[in-house]
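Below are the chains, spelled out letter by letter.
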Amino acid sequence: MSQLSENLKRLVRERAGSRCEYCLSHQDYIMGRLQIDHILPISKGGQDTEENLCLACELCNQYKWNKIVATDPETNQVTSLFNPR
Ligand SMILES: [Zn+2]
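Described in the following lines is the structure provided in the data block. Here the residue index of a chain counts from 1 through its sequence in written order. Note on the predicted model: pLDDT of at least 70 is required for a residue's local features to be given, and 80 or more for side-chain atom pairs to be given and counted; whole-chain, interface and lining totals, by contrast, use all residues. Based on all heavy atoms of the structure, the side-chain values leave hydrogens and waters out of the count.

### What about the coordination of the zinc ion?
Part 1: Donor atoms: N, O and S within 2.8 Å of the metal, or within 3.2 Å for Na, K and Ca. Because water is excluded, sites can look incomplete. Protein-derived ligands of the zinc ion are Cys20 (SG), Cys23 (SG), Cys57 (SG) and Cys60 (SG), with the metal-ligand distances lying across 2.3 Å.
Part 2: Here a site with four donors is tetrahedral if all angles are between 85 and 135 degrees, and a site with four or six donors is square planar or octahedral if opposite donors are over 155 degrees apart and the other angles are between 65 and 115; anything else gets the irregular label. Geometry at the zinc ion is tetrahedral, judged from the four donor atoms that bind it and their angles of 102 to 116° at the metal.
Part 3: Spacing between the donor residues of the zinc ion along the chain follows C-x2-C-x33-C-x2-C. With Cys23 in the loop between α1 (6–16) and β1 (35–38) and Cys57 in the loop between β2 (53–56) and α2 (58–64), this pair connects stretches of sequence that are 34 residues apart. By definition, any uninterrupted DSSP run of H or I lasting at least four residues is a helix, any uninterrupted run of E lasting at least two residues is a strand, and each is numbered from the N terminus.

### So, the packing of aromatic side chains
Part 1: Centre distance within 6.5 Å is the pairing criterion for rings of Phe, Tyr and Trp, where only the six-membered ring of Trp is used; planes under 30 degrees apart are then read as stacked, over 60 as edge-to-face, and the remainder as tilted. Summed over the entire model, instances satisfying the criterion amount to one aromatic pair.
Part 2: Relative to Phe82, the ring of Tyr22 lies with its centre 6.4 Å away and its plane at 80°, an arrangement referred to as edge-to-face. Taken together, the residues span a long stretch of sequence, with Tyr22 in the loop between α1 and β1 and Phe82 in the segment after β4 (78–80) at a distance of 60 residues.
Part 3: Buried, partly exposed and exposed residues are distinguished by accessible area as a fraction of the type maximum, computed with a 1.4 Å probe on protein chains only: under 20%, between the cut-offs, and over 50%, respectively. Judged by its relative accessible area of 52%, Phe82 is exposed.

### Some thoughts on the pairing of β2
Part 1: On β2, burial covers both faces: Leu53 and Leu55 on one face and Cys54 and Ala56 on the other are all buried.
Part 2: Taken together, the four bridges between β1 and β2 define a ladder with antiparallel strand orientation. Along β2, the bridge assignment pairs Asp37 with Cys54. Here the rule is simple: two strands pair whenever DSSP picks up at least two bridges between them.

### Re the nonpolar core
Part 1: Only buried residues count toward a nonpolar core, which is a set of Ala, Val, Leu, Ile, Met, Phe, Trp, Tyr and Cys residues joined through side-chain atoms within 4.5 Å. Cys20, Tyr22, Leu34, Leu53, Leu55, Cys57 and Cys60 are the most contacted members of the largest nonpolar core, which totals 15 residues.
Part 2: Within the residue set of this core, elements represented by two or more residues are α1 and β2.
Part 3: Counting residues per element, this core draws most heavily on β2, which supplies four residues.
Part 4: When near neighbours in sequence (up to four residues on either side) are disregarded, Leu34 contacts Arg13, Ser18, Arg19, Cys20, Gln27, Leu55, Ala56 and Cys57. Residues are treated as being in contact if the distance between any of their heavy atoms lies within 4.5 Å.

### Here's the deal with the side chain of Arg13
Part 1: Take Arg13: it is sitting in helix α1.
Part 2: A residue counts as positive if it is Lys or Arg and as negative if it is Asp or Glu; His and the chain ends are not included. One speaks of a salt bridge when a side-chain nitrogen belonging to Lys or Arg is within 4 Å of a carboxyl oxygen belonging to Asp or Glu. Buried within the structure, Arg13 lacks any salt-bridge partner; Glu6 is the closest side chain of opposite charge, at an N-O distance of 7.5 Å.
Part 3: The residues touching Arg13, leaving out its near neighbours within four places in the chain, are Ser18, Arg33, Leu34, Ile36 and Leu55.

Quick look at the structure:
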């Protein structure tokens, strides 16, 4: 578990405008608090840097988990997941 500074957390939340950066749901319309996600997961070498962090709702964050690619259901090809940066 990484320890993000309060300043970095605030920066990520303000930059995202209180929206999930994957599905764009606003904080006012989701259950729970938006979470800070590592775009490139720590388990895959991601860092606690401003460029590697984004705001995500619990559903997006849990669905993405530590993945960076997935199989496109229409083409059946492995493709990179959306990167909000
Ligand atoms: Zn979301």
